[in-house]
Amino acid sequence: MQRTPNWSLQQLPEMDSQQFHQWQSLLEARTGVCVNDQRKVFLQTSLCARMRELQISDYQAYYEHVTDGPTGAIEWSALIDKLTVRETSFMRHRPSFDCVSRHLQSLLKTRPIDRPLQLWSVGCASGEEAYSLAIISEQSLLSQPAEQRPGYGIWATDISLKALEQGRAGQFSAGRLGGLTELERSKWLHLSDSGQYQILPALRERICFTRLNILELAQAPIRDLDIIFCQNLLIYFRRWRRRDLLNLLAKRLAPGGMLVIGLGEIVDWNNPLLERLPDERVQAYVRRDTHESLE
Ligand SMILES: C[S@@+](CC[C@H](N)C(=O)[O-])C[C@H]1O[C@@H](n2cnc3c(N)ncnc32)[C@H](O)[C@@H]1O
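Procedures and definitions
- Residues numbered from 1 in each chain as written.
- Predicted model: local features only at pLDDT ≥ 70, side-chain atom pairs only at ≥ 80, totals over all residues.
- Heavy atoms only, no water.
- Domains from an automatic or database assignment.
- Contact = heavy atoms within 4.5 Å.
- Buried area = accessible area lost by both parts, 1.4 Å probe.
- Salt bridge = Lys/Arg side-chain N within 4 Å of Asp/Glu carboxyl O.
- Helix = DSSP H or I, 4+ residues; strand = E, 2+ residues; numbered from the N terminus.
- Axes fitted to C-alpha atoms, helices over the stretch in contact; angles between N-to-C directions.
- Parallel < 35°, antiparallel > 145°, perpendicular 65-115°, else oblique.
- Left-handed = near helix turned anticlockwise from the far one by under 90°.
- Nonpolar A, V, L, I, M, F, W, Y, C, P; charged D, E, K, R; others polar.

Caption draft 1: Spotlight on the domain arrangement of the protein chain. Its domain assignment divides the protein chain into domain 1 (7-83) and domain 2 (94-287). In this structure, domain 1 and domain 2 have C-alpha centres spaced 31 Å apart. Contact with domain 1, which involves eleven residues of that partner, is made by ten residues of domain 2. Counting the surface lost from both domain 1 and domain 2, the interface buries some 940 Å², and carbon and sulfur atoms represent 51% of this. Where domain 1 meets domain 2, there are one salt bridge. Of the charged contacts, one joins Arg238 and Glu28 as a salt bridge, the two residues approaching to 2.6 Å between their closest N and O atoms. Elements supplying a minimum of two residues to the side of domain 1 that touches domain 2: α1 (17-31) and α4 (69-83). Counting residues per element, the side of domain 1 that touches domain 2 draws most heavily on α1, at four residues.

Caption draft 2: Focus on the packing of α1 against helix α3 (residues 59-66). Close contact between α1 and α3 brings their axes to 10 Å; oriented N to C, the two are set at 20°. What the angle tells us is that α1 and α3 run roughly parallel. The two elements α1 and α3 meet at a crossing, and its hand is left-handed. For the pair formed by α1 and α3, the contact residues are Gln19, Gln22, Trp23, Leu26 and Arg30 on the first element and Tyr59, Gln60, Tyr62, Tyr63 and Val66 on the second. Classifying every residue of the contact of α1 with α3 gives six nonpolar, three polar and one charged.

As structure tokens, then:
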């Protein structure tokens, strides 16, 4: 592949419509993320950031590199870190987390102690959402008598390896703490000498960060969830794909489990396994207490 000398000094090349279409299609086929014409600049800037690192100035040459066998697959995984929007924060939509808290407390009333709670943050980005779920779980469990508290575990999945690495590290700047109350912050995070907030080990050890492309959900052995939390991921997908994925996620819930998506992320969607919660502040669905799976 040809490298361009002094590339960092050159202007970003303008992407023509055929090149845009080619990259748009590749991204959607591999991740589900649909970049419309208004976001062309985002696609171009993200691609250029990676091409600049590799000193490549030609979109076509880079496309061929990315789609070329095993080396292409490695490069794709680096590129995806640039192409994904990973904006997030703690307790990003507080009403949704309050809803999880109420649901967990009601589940705990009848929960056998030997059945741990299982939660899943789908499209977890750098982990703020998963850690928020951990805080909510801890608080819900504390509301129960000690002898009636089961354990709990959280899956945190994302397509971006860089995001997962940040999640595992559990270090955040003050700007990411978002909707945490002062009490939650002081109880679960420790301000380190570097000025970063570090998640306490008691929370970190509850979370399993692992790579999962949501389009490959069928291969994931994650099931019988009490809570599936999937916000600000499906918004980048076409409507038909949102429905398909939500139908698959519904099957991963345990009876009585709850699926929480972002408010307004889908309209006119029903699934016979689920019942929507009558609460306008959130978009949450509870799986009926039946063991049929509709596979
Ligand atoms: C905007 S962030 C949302 C983070 C968090 N859920 C929230 O609401 O704050 C979207 C995340 O989805 C991830 N993502 C995009 N496409 C994906 C895919 N096909 N499979 C899994 N994760 C994906 C991105 O890497 C990114 O971290």
